[in-house]
Amino acid sequence: MKKVLGITLAGAVFATLPLMAGESKMDVAKMFEKECQGCHGPNHEGGVGSSLDPKVISKKNAYLLVDTIMGGRAGTAMPSFKDKMNKDDADKMVDYLLKYQGQQIKNLTIEDVAATHQVLQDRDALYKKYPKPADVKSVQDIVIFTERDASKVGFIDGTTNKVLSKHDSGFATHVTVVNKRIPRYVYNISRDGWVNMFDLNAPGQPIIAKIRVGSDSRGLACTPDGKYVMAGNYVPGGAILLDAMTLKPLKVYPTSSVIDMDGNLGTSRVASIADTPYGPYIAFALKDAGHVYIVDYSKPDFPIVGDIPGIGKILHDAFLNEGEEIGRYYMIASQGSDVVGIVDFKTKTLAGKVYTGPGSKPHPGQGSSWYSEKLAKQLHATVNMNLGQTTIWDNKWNVVKQVNTEGGGLFVGTNEKTPFVWADNVIGGESNYNKINLINKETLMVDRIIEADIDGTIKLINPDTHKVIKEWSAGVVKNAKGEAIIPRLLHAEPSDHGEHMYVSDWTGGRILVFNSKTGEYITKIEGLTTPTFTYSIEHRMEIPGA
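Because the structure is predicted, anything quoted here is derived from the model rather than measured.

## Examining the overall build of the chain
So, step 1. Helices and strands together make up the secondary structure of the chain, namely seven helices and 39 strands.
So, step 2. Against the globule reference of 24 Å for 546 residues, the chain gives a C-alpha radius of gyration of 22 Å, in line with a compact fold.
So, step 3. For the chain, the spread of C-alpha atoms along the three principal axes comes to 60 × 60 × 45 Å.
So, step 4. When contacts within the chain are restricted to residue pairs at least 6 apart in sequence, long-range pairs at least 24 apart make up 50% of them.
So, step 5. Of the side-chain charges in the chain, 61 are positive and 62 negative, and the distance between the mean point of each set is 2 Å.

## Concerning unusual backbone geometry
So, step 1. Going from Val235 to Pro236, the amide bond is cis rather than trans, its omega being -15°.
So, step 2. Take Pro236: it is sitting in the loop between strand S12 (228–235) and strand S13 (238–243).
So, step 3. Within the chain, Thr530 stands out as a residue other than glycine whose phi angle is a positive 35°.
So, step 4. Summarising the element assignment, Thr530 is placed in the loop between strand S38 (521–525) and strand S39 (531–536).
So, step 5. Classification of Thr530 by relative accessible area gives buried; the value is 14%.

## Describing the sheet that holds strand S20 (residues 304–308)
So, step 1. Taken in spatial order, the four strands line up as S17-S18-S19-S20 in an open sheet, and their pairing is antiparallel. Strands at the two margins of the open sheet, each flanked by one partner only, are strand S17 (270–275) and S20. Recorded for the sheet is a direction-independent mean angle of 20° between the axes of neighbouring strands.
So, step 2. With four bridges connecting them, strand S19 (residues 291–296) and S20 associate as antiparallel partners. Residue pairing in the sheet places Tyr293 in a bridge with Asp307 of S20.

## Regarding the nonpolar core
So, step 1. Judged by nonpolar contacts, the single largest core of 26 residues is most densely connected at Tyr187, Val195, Val213, Leu220, Leu242 and Leu247.
So, step 2. Looking at this core, the elements with two or more residues in it are strand S8 (185–189), strand S9 (194–199), strand S10 (207–212), strand S11 (216–222), S12 and S13.
So, step 3. With residues up to four places along the chain from it excluded, the contact list for Tyr187 reads Val175, Thr176, Val177, Asn179, Asn196, Met197, Leu220, Cys222, Val229, Ala244, Met245 and Leu247.

## What about the sheet that holds strand S22 (residues 329–334)?
So, step 1. Taken in spatial order, the four strands line up as S21-S22-S23-S24 in an open sheet, and their pairing is antiparallel. Looking at strand neighbours, the two that pair on one side only are strand S21 (315–320) and strand S24 (349–355), the edges of this open sheet. Geometrically, the sheet is characterised by an average inter-axis angle of 25° between neighbouring strands, direction not taken into account.

## Some thoughts on the pattern of salt bridges
So, step 1. All told, the structure shown has 21 salt bridges when counted by the stated rule.
So, step 2. Notably, a salt bridge pairs Arg123 with Asp124, separated by 3.2 Å at the nearest N-O pair.
So, step 3. When its relative accessible area of 22% is taken as the criterion, Arg123 is described as partly exposed.
So, step 4. Overall, the relative accessible area of 44% leaves Asp124 in the partly exposed class.

## Some points on the packing of aromatic side chains
So, step 1. Throughout the structure, instances matching the rule amount to 15 aromatic pairs.
So, step 2. Each ring, one from Phe155 and one from Phe198, has its centre 5.2 Å from the other, and the planes form 70°; the classification is edge-to-face. Here Phe198 lies in strand S9 and Phe155 lies in strand S5 (residues 152–157), a separation of 43 residues in the sequence.
So, step 3. Judged by centre distance (6.3 Å) and plane angle (55°), the ring pair of Tyr330 and Phe345 falls under tilted. In this pair, Tyr330 sits in strand S22 while Phe345 sits in the loop between strand S23 (339–344) and S24, placing the two residues 15 residues apart along the sequence.
So, step 4. By relative accessible area, which is 0% here, Phe345 ends up buried.
So, step 5. An aromatic cluster is present here, built from Trp422, Trp472, Phe514 and Tyr521 joined pairwise through their rings.
So, step 6. Sitting above the plane of the Trp194 ring, Lys210 keeps its charged end 4.7 Å from the centroid.

## As for the environment of Asn386
So, step 1. Structurally, the position occupied by Asn386 is in the loop between strand S26 (377–383) and strand S27 (389–394).
So, step 2. Placed 24 residues apart in sequence, Asn386 and Pro362 show a C-alpha to C-alpha distance of 8.4 Å.
So, step 3. Looking at Asn386, its side chain comes within polar contact range of the main-chain nitrogen of Lys361, at 2.9 Å.

## Focus on the confidence of the model for the chain
Keep in mind that low pLDDT regions are not for reading the predicted coordinates in detail.
So, step 1. Scored by pLDDT, the chain comes out at a mean of 90, with 93% of its residues at no less than 70.
So, step 2. Predicted confidence for residues 1–18 stays below pLDDT 50, and this span has 44 contacts to residues more than four positions away or in other chains.

## So, the side chain of Asp192
So, step 1. Summarising the element assignment, Asp192 is placed in the loop between S8 and S9.
So, step 2. Buried within the structure, Asp192 lacks any salt-bridge partner; its nearest side chain of opposite charge belongs to Arg212, at an N-O separation of 4.4 Å.
So, step 3. A polar contact of 3.1 Å, which involves the side chain of Asp192, links it to the backbone nitrogen of Phe171.
So, step 4. Not counting residues within four places of it along the chain, the set of residues in contact with Asp192 comprises Gly170, Phe171, Arg212, Gly214 and Ser215.

## Looking at helix H4 (residues 87–99)
So, step 1. In this model H4 runs 19 Å from its N-terminal to its C-terminal C-alpha over 13 residues, within 8% of the 18 Å that 1.5 Å per residue would give.
So, step 2. Of the positions making up H4, those classed as buried are Asp89, Ala90, Asp91, Met93, Val94, Asp95, Leu97 and Leu98.

## Here we look at the side chain of Thr356
So, step 1. By secondary structure assignment, the location of Thr356 is in the loop between S24 and strand S25 (368–372).
So, step 2. Residue class for Thr356 comes out buried when judged on its relative accessible area of 0%.

## Things to note about the environment of Val468
So, step 1. Note that Val468 resides in strand S34 (residues 468–473).
So, step 2. The contacts of Val468, once residues within four sequence positions are left out, are Lys459, Leu460 and Ile461.

## Here we look at the pairing of strand S14 (residues 249–254)
So, step 1. When S13 meets S14, the two strands line up antiparallel, connected through five bridges. When the sheet's bridge partners are listed, Leu241 is paired in S14 with Lys251.

## Concerning the environment of Val178
So, step 1. One can find Val178 in strand S7 (residues 176–178).
So, step 2. Between the C-alpha atom of Val178 and that of Phe198, which follows or precedes it by 20 residues, the distance is 9.9 Å.
So, step 3. If we ignore the near neighbours within four places in the chain, the residues touching Val178 are Pro183, Tyr185, Val186, Cys222, Ile537, Arg540 and Met541.

Parameters at a glance
- Residues numbered from 1 in each chain as written.
- Predicted model: local features only at pLDDT ≥ 70, side-chain atom pairs only at ≥ 80, totals over all residues.
- Heavy atoms only, no water.
- Helix = DSSP H or I, 4+ residues; strand = E, 2+ residues; numbered from the N terminus.
- Rg over C-alpha atoms; globule rule 2.2 N^0.38 Å.
- Contact = heavy atoms within 4.5 Å.
- Lys, Arg positive; Asp, Glu negative; His and termini not counted.
- Charge placed at Lys NZ, Arg CZ, Asp CG, Glu CD.
- Buried < 20%, exposed > 50% of the residue type's maximum accessible area, 1.4 Å probe, protein only.
- Pairing = 2+ DSSP bridges.
- Axes fitted to C-alpha atoms, helices over the stretch in contact; angles between N-to-C directions.
- Core = buried A, V, L, I, M, F, W, Y, C linked by side-chain atoms within 4.5 Å.
- Salt bridge = Lys/Arg side-chain N within 4 Å of Asp/Glu carboxyl O.
- Phe/Tyr/Trp six-rings, centres within 6.5 Å; stacked < 30°, edge-to-face > 60°.
- Lys NZ or Arg CZ within 6 Å of the ring centre and 35° of its normal.
- Polar contact = N/O pair within 3.5 Å; in protein donor to acceptor, adjacent residues only side chain to side chain.
- pLDDT = per-residue confidence, 0-100.
- Expected span 1.5 Å × (residues − 1).

Written as structure tokens, this is what we have:
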């Protein structure tokens, strides 16, 4: 077999007959890139989703593959595509997958990145003209939201819940980070590789600079000194260090030729990126290679000073510890090895592994770290994508509790003002993805459940008696056909100085606002398109690595 840059160009040997694509007019390669690549990999190698290599899927029944595309797969991140594809489209997709022969992965270069740099506003002029924010009392009042399918980033006054502005920001806009030293500047990365820099003091929070770092991207971090931003790519694989005041590229770290967990040479996507208050370091994870690199940005030429291998297969998102020695430990989820790896910035070694359970796929999102008065120790938590459980561990990297929840989730969050860890169940299927579990931070048990029903009611439920504590009318959510649909809740984020929690309703096009201390419903922010992530400036300034 021929290999190019470590990527096998595999010819397909079919165990099943090819399907007829019928009258499908779908551009199947573009559909795969838009909807499938993020989970299944740019060369179909697998990741969060399973491998779609022809050698693997040719052993499966092609008609069952079509059924999976159309109906999804319960208990996994695989959704139904019946609203985006018809049967002929799904046939065409399976035929494309069975015949796929791979592609050459382009190497990441600083010249290619630099050629895309754009200055849209005079940063110095805006800095002088608007020493204070024009639209809010303080930039720390602002909450950022992303509209996945509309490819937009927007800003909300978190004290009034008024939408201040929206901006086109690239396909499936993803992570947003705050410049902790100069919080008027925030940065966002889209899945098609655009990094945008916003000025929150200027009216309408304009984009003042942008640059394209790749064709498929995810991670982003800004150093605590406010000097540098690092972005991470799936394609071309690698990380890019940018000047935080201009977005001009300073250095690239290609990952087109690295050794994986099995000793094979190949390319790797870059997953999580995190800065730390512990030292002048940025960590970035090699998703397919199982490594974490540590960059020292205080030294000339920004060298890699740590290479921590053997963490696990399919590295994904991560978060840092709070409490004593805040930011010392970078806790990275390995979705192919059922673990969270603990990387120590001090020793630049793998301090331990937290085993999240057989067959689990940990996905902490922003993660949760808090001090338990009852146990007198720092605790940390992740949800798991494919299991209804939240895993909680201590600073000795021992699992303290597996808390049963309603279904697979993507995000777990908390802050000092709430007595709960808020765990979503957004991958748990229609019977569960309308619920948020509120786990008591002291008892480590589900204290109450928020449920948004198809009839428009929001309920606060006692998990032991299943009785409704309180309920409110928030309005029925309808699809394009005017049919009532089940709300899909995800990603709880503190707002209004920690007093409220924002929860995105993906299907409902709204953000639901709850009391952080009680879980009681307060209000809603409507008129959004698949709202996904929310980021409170104040909260993100306090969290290490966020």
